[in-house]
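Chain and residue survey
The residues making up each chain are set out below.
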Amino acid sequence: MVFLPPFCASSPHPRAAHLVAYCGKIEEELTGIVEDIQSLLKDHLLPHAQSAEAKVEYMKMQGDYHRYHSEIAVDAARDAVVLAAKNAYQAAYDLSMELKPDNATRLGLMLNYSVFYYEIMNEYDQAIAMAKAASDEAGDVDDENAISILTVGHIIAPVVTY
């Protein structure tokens with residue numbers, strides 16, 4: 001199903017059919033790219049990941065790519081990729097509890113997971129609470145991670161103060 005406003009598909013404009021067909025082609029290409037990346041993550045990268053941090057990063061990426069796919073999918077296909085994104089983010093979150101609260105990978109996960117709740121699920125309070133909790137838990141940062149943490153923190157801050 002093509003992601004277009006309803007008036008486009010029924011428009012009498014002579015190029016409306018071309019627009020619908022072109023959008024369908026782009027949607028197919030994007031879906032194929034996302035499926036290839038998901039396969040790479042699931043079949044090759046995750047099984048060989050050694051550390052919790054690497055596994056969290058790959059699971060976060062799974063959630064991210066499902067989230068990107070959910071932005072173009074519609075109806076049952078959208079429901080399926082939204083659920084897959086939520087499951088991937090939750091699995092990454094559960095494993096991220098093994099990492100320190102100020103770990104850059106853990107904070108990056110929390111940023112993306114909160115964006116998912118904010119933009120895809122439209123659960124604004126959940127998104128804000130999640131981002132705020134991650135920021136509060138990180139507290140003071142050690143010198144090793146300071147630059148990464150501060151960068152992610154600056155990105156999370158606008159969501160927290162919404």
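Residues numbered from 1 in each chain as written. Predicted model: local features only at pLDDT ≥ 70, side-chain atom pairs only at ≥ 80, totals over all residues. Heavy atoms only, no water.

**So, the nonpolar core**
Nonpolar side chains in soluble globular proteins tend to be buried together. Within the largest apolar cluster, 21 residues are counted, with the highest numbers of intra-cluster contacts made by Val56, Tyr89, Leu109, Tyr113, Phe116 and Tyr117. At the level of elements, helix 3 (52-70), helix 4 (75-96), helix 5 (104-120) and helix 6 (124-138) are the ones that each hand at least two residues to this core. The element that contributes the greatest number of residues to this core is helix 5, accounting for seven residues. Contacts of Val56, omitting those with residues within four sequence positions, involve Ala92, Leu95, Ser96, Leu99, Thr105 and Leu109. (Core = buried A, V, L, I, M, F, W, Y, C linked by side-chain atoms within 4.5 Å. Buried < 20%, exposed > 50% of the residue type's maximum accessible area, 1.4 Å probe, protein only. Helix = DSSP H or I, 4+ residues; strand = E, 2+ residues; numbered from the N terminus. Contact = heavy atoms within 4.5 Å.)

**Focus on the layout of surface pockets**
Considered as a void within the structure, the largest pocket measures approximately 170 Å³ in volume. Tallying contributions element by element places helix 6 first for the lining of the largest pocket, with five residues. Along the lines of polarity and charge, the residues of the lining of the largest pocket split into nine nonpolar, two polar and two charged. (1 Å grid on protein atoms, 1.4 Å probe; cavity = no way out; pocket = protein on both sides within 12 Å on 5 of 7 lines; lining within 4 Å. Points joined across faces, edges and corners; volume = space filled by probe spheres on them. Nonpolar A, V, L, I, M, F, W, Y, C, P; charged D, E, K, R; others polar.)

**Concerning the packing of aromatic side chains**
Counted under the stated rule, the structure contains eight aromatic pairs. Here the aromatic rings of Tyr113 and Tyr117 are separated by 5.3 Å at their centres, their planes lie at 45°, and the arrangement is tilted. Within this pair, Tyr113 and its partner Tyr117 are both found in helix 5, separated by four residues, close to a single helical turn. Linked through ring pairs, Tyr89, Tyr93, Tyr113, Phe116 and Tyr117 together constitute an aromatic cluster. (Phe/Tyr/Trp six-rings, centres within 6.5 Å; stacked < 30°, edge-to-face > 60°.)

**Concerning the environment of Met61**
Considering the arrangement of structural elements, one finds Met61 in helix 3. Separated by 28 residues in the primary sequence, Met61 and Tyr89 have C-alpha atoms spaced 8.6 Å apart.

**Comments concerning a nonpolar patch on the surface**
Taken together, Tyr22, Ile26, Leu30 and Ile33 make up a surface patch of nonpolar side chains, about 370 Å² in accessible area. Counting through the fold element by element, Ile33 comes out in helix 2 (residues 16-48). (Patch = residues over 30% accessible without salt bridge, like charges linked within 9 Å, V, L, I, M, F, W, Y side chains within 5 Å. Areas by Shrake-Rupley, 256 points an atom, 1.4 Å probe, with all protein chains shown as cover. Salt bridge = Lys/Arg side-chain N within 4 Å of Asp/Glu carboxyl O.)

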